[in-house]
Amino acid sequence: MYDFKEIEEKWQKRWEDAKCFEAKNASDKEKYYLLVEFPYPSGSGLHVGHVRSYTALDAMARIKRMRGYNVLFPMGFDAFGAPAEQYAIKNHVYPANMVKDCIKTFRSQMKKLGFSFDWSREFATTDPEYYKWTQWQFLQFYKAGLAYKAEKEINWCPNCLTGLSNEDAEGGICERCGSKTEKKLKSQWMLKMSSYADKLLAGLDKTDFMDKIKIAQINWIGRSEGAEVDFKIDGEEDTLKVFTTRPDTLYGVTFMVMSPEHKYLEKYESKIKNLDEVKKYQEYAKSKTEIERTDLTREKTGVKLEGFEVINPVNDEKIEVWISDYVLANYGTGAIMAVPAHDERDFEFATKFNIPIIPVIEGGDTTKEAYTGDGKMINSGKFNGITNKKEAISKMIEYLEEKGVGEKKINYRLQDWIFSRQRFWGEPIPMIYCEKCGWVPVPEEELPLILPDVPSYEPTETGESPLANVTDWVNCKCPKCGSDAKRETDTMPNWAGSSWYWLRFMDPHNDKCFASMDALKYWGMVDYYNGGMEHATRHLLYARFWHEFLYDQGLVPTEEPFKKRVSHGMILGENGEKMSKSRGNVVNPDDMMNAYGADALRTYEMFIGDYAKDASWSENGLKGCKRFLDKIYRLKDKVNDKEEYTKDLEILINKTIKKVEEDINTMNYNTAVSALMILSNEYDKLDSITRKDYRTILHLLNPIAPHITEELNEMLNLGPAFYESTFPEYDENKITFDKVNIACSVNGKLRATIEVDMDTPKEELLRLAKEQENVIKHIEGKEIVKEIVVPNKIVNIVVK
RNA sequence: GCAGGUGUGGCGAAAUUGGCAGACGCACUAGACUUAGGAUCUAGCGGAGCAAUCCAUGGGGGUUCAAGUCCCUUCACCUGCACCA
């Protein structure tokens, strides 16, 4: 019938030549910034899931442009990270070349799909011109005291002799060889994200994220209010500090638990009488994989410290101290006060090791289980009798503060960001270590610090980055004192490059700064940011943290980077499972485009279902959408030479205009498509349609299926190309029919429908309803109890 | 365990937010046109029933003239987080 390939290529070229999708950094038009997460250019090419979100935002971008906005809709590539590195290790090639090839494939696929990205702004995070600024920004963190070195555990595979990312060591098992991974202490660069915890929480109020995304962020930050309490170590001046959310239960403390990694175990080694046993337990805890350690069904284990006791600050009683791996080293102070009567985990522990349980709040049976509910305080000295938990907590904190043995404290689950990777394929961290001066930043004018090629891409045997083997790169002079020094060989994590990329899109070719203040001010916040739900926590937090930091440094004009964040559901295989090579259910967008065309693929992915939900692929569904486009094409033969709407279609057309724009702006793409299908069905019923009828449906469909609609519009010479036209407006006066169907029911059951004039008065509706044969049948001989009339909707007669 | 979400025909889903459940599409059935159909057109398509009608939105209960929609309860599945003190 028509050659969609030829049509698609023609229009793609036309758009490119016209540069109609290139955003201007200075414009009288109102700006609109649409951002969709840039992809990782993997070797397997674009996924049909990419097509879904890109089409969705493309449709929005096209509508916004046709509504007169200066739209920024950019695309780039996030190309540092594991997959390219794995490929490099396997094939002994420099990853940059492979990345280049993959990007080429991705770009060409996206162009074939007709996305209206502004390609003039494209970049990859691996471009030295880009990572120069990633490095520069890292130095700003350093200068502000927010980047520091600390001993942190990494996942270490004793078999491969290599450090692994959390992803590669999932569940404590080395992905490559299957052996159990260990924890190994390594000095790593950290970013002080924890100091932004409150800002990250408060900043959410300035955004319009989907609720579930806000909640995910809030949970991840994990703010919890409580108190820090000092327990004096018996026989020492030192105190053991714990964090608790339940200071009101202090009188119920019967033991303390420290994590096996707690620093006091070393400090007070000489005090501990059963040191051998303790050391053995520490070894045991270390050998546990992440999964084993966090397995809730696992029985509690632990060792009591002999000769090491603390004093309860509220009643001066001596308390035994244990170590157990159920207490985490990296949360709170790494030690807890245990109140078995009112905490489930402490209860479990106390029961197992026969430790006394003292209830301090009335309620429940604390010989059987921990009571975590509310109640009257008992066994708590002067606090006895308080029934309100909130009051009890604040009174206790007041008391602790008075005595100088504790204070109010807010804790966060959110931790500092481990910013080092012992990996090759990442941005080099621009720091130099000098014996005399310590850590010295690479001078800014020497950036970018180029990532050199190396003889081997695998991490070294000591767990260092392969860069450590490039001696003439590592060895350098200290920028401060000029003596021999060494470069940091760790690289940045994958997340670094994607933590500010939306800013670079605003001014991608700037070589003086990461983006000019003018550009940053003009584009402001990203208006609409779309990405996968899997990035709702980490990426989004890193990006917001990074941005908030830049704001505090006066480097960006807005506190928050993204106004609205939305996420799309996955496209699953035809069998309802996640698409993967091993499951053999992968659908290649190229194959679909070749068989049905880009427009059909785009239309189908918009029609597939609720945008926010997962959806299973169906090639038959795609065929159906192709048929719909074919029908649109065939309708051209019905076009007459009239220039106004067909009278009978006018209302439906106006309604459809309204619905399509609203639906696309609210992510209800599926109903936008279905509205257009309904309209096309109505057109099809008529012998002829007008030029305006036809141009309008093409125009409405254009954001979703841009090629075929442009072609038909031009073929019939209906008007200027859509990319340079204004989107149709609906007439508010013509979106309601003058006739309306009224449901007539008896006792809530539908008995008849009547067609009446819009806004027919109540009395008239009731009278008409009662004339209906089937209504009469059901009310005859019965007593009418109630009559409900809702104008333009329904009549309900209640009988007995 | 906690948090969030979902549950409607054979399938993907709609439902103006309390007012005719199943729009639109797929699959399927019958027919038309055709050398042919993976094209197009016509008709049908939740279940039961010849029909009037009855039953149906995971299950149970409630509010209401009226419930897919609100409330209570229960089950199932999905996604995060998970011994966070």
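Structure: above.
A few words now on the overall build of chain A. Across its full length, chain A carries 26 helices and 25 strands. Taking the principal axes of the C-alpha coordinates as reference, chain A spans close to 100 × 85 × 50 Å. Among the 800 residues that make up chain A, the fraction classed as buried is 54%. In chain A, once contacts between residues fewer than 6 apart in sequence are set aside, the share between residues at least 24 apart is 72%. Side chains of chain A give 111 positive and 130 negative charges; the mean places of these two sets differ by 1 Å.

With that out of the way, let us pick up the sheet that holds strand S22 (residues 739–746). Strand order in this open sheet of four strands is S23-S22-S25-S24, and the pairing throughout is mixed. At either end of the open sheet lies a strand with only one pairing partner, and these are strand S23 (749–757) and strand S24 (784–790). On average, each strand axis in the sheet is tilted by 15° relative to the strand beside it, whichever way the strands run. When S22 meets S23, the two strands line up antiparallel, connected through eight bridges. Residue pairing in the sheet places Val 740 in a bridge with Val 756 of S23. Where helix H25 (residues 762–771) meets the sheet, it contacts S22, S23, S24 and strand S25 (794–799), and its direction lies at approximately 120° from that of S24.

Turning next to the side chain of Asp 599. Secondary-structure assignment places Asp 599 in helix H19 (residues 598–607). Of the side chains with opposite charge, Arg 602 lies nearest to the buried Asp 599, which makes no salt bridge, at 4.8 Å.

Below, the discussion takes up the protein's contact with RNA strand B. Around RNA strand B sit 52 residues, and of these Thr 245, Lys 300, Arg 345, Ile 608 and Met 677 come closest. In RNA strand B, atoms within 4 Å of the protein come from the sugar-phosphate backbone in 64% of cases. At 2.9 Å from a phosphate oxygen of RNA strand B is found a side-chain nitrogen or oxygen belonging to Lys 786. Looking at the surface near RNA strand B residue by residue, the classes come out as 19 nonpolar, 16 polar and 17 charged.

Basis of the calculations
Residues numbered from 1 in each chain as written. Chains lettered and ligands numbered in written order. Predicted model: local features only at pLDDT ≥ 70, side-chain atom pairs only at ≥ 80, totals over all residues. Heavy atoms only, no water. Helix = DSSP H or I, 4+ residues; strand = E, 2+ residues; numbered from the N terminus. Buried < 20%, exposed > 50% of the residue type's maximum accessible area, 1.4 Å probe, protein only. Contact = heavy atoms within 4.5 Å. Lys, Arg positive; Asp, Glu negative; His and termini not counted. Charge placed at Lys NZ, Arg CZ, Asp CG, Glu CD. Pairing = 2+ DSSP bridges. Axes fitted to C-alpha atoms, helices over the stretch in contact; angles between N-to-C directions. Salt bridge = Lys/Arg side-chain N within 4 Å of Asp/Glu carboxyl O. Near = heavy atom within 4 Å. Polar contact = N/O pair within 3.5 Å; in protein donor to acceptor, adjacent residues only side chain to side chain. Nonpolar A, V, L, I, M, F, W, Y, C, P; charged D, E, K, R; others polar.

As far as function goes, none of this settles anything; it's purely spatial.
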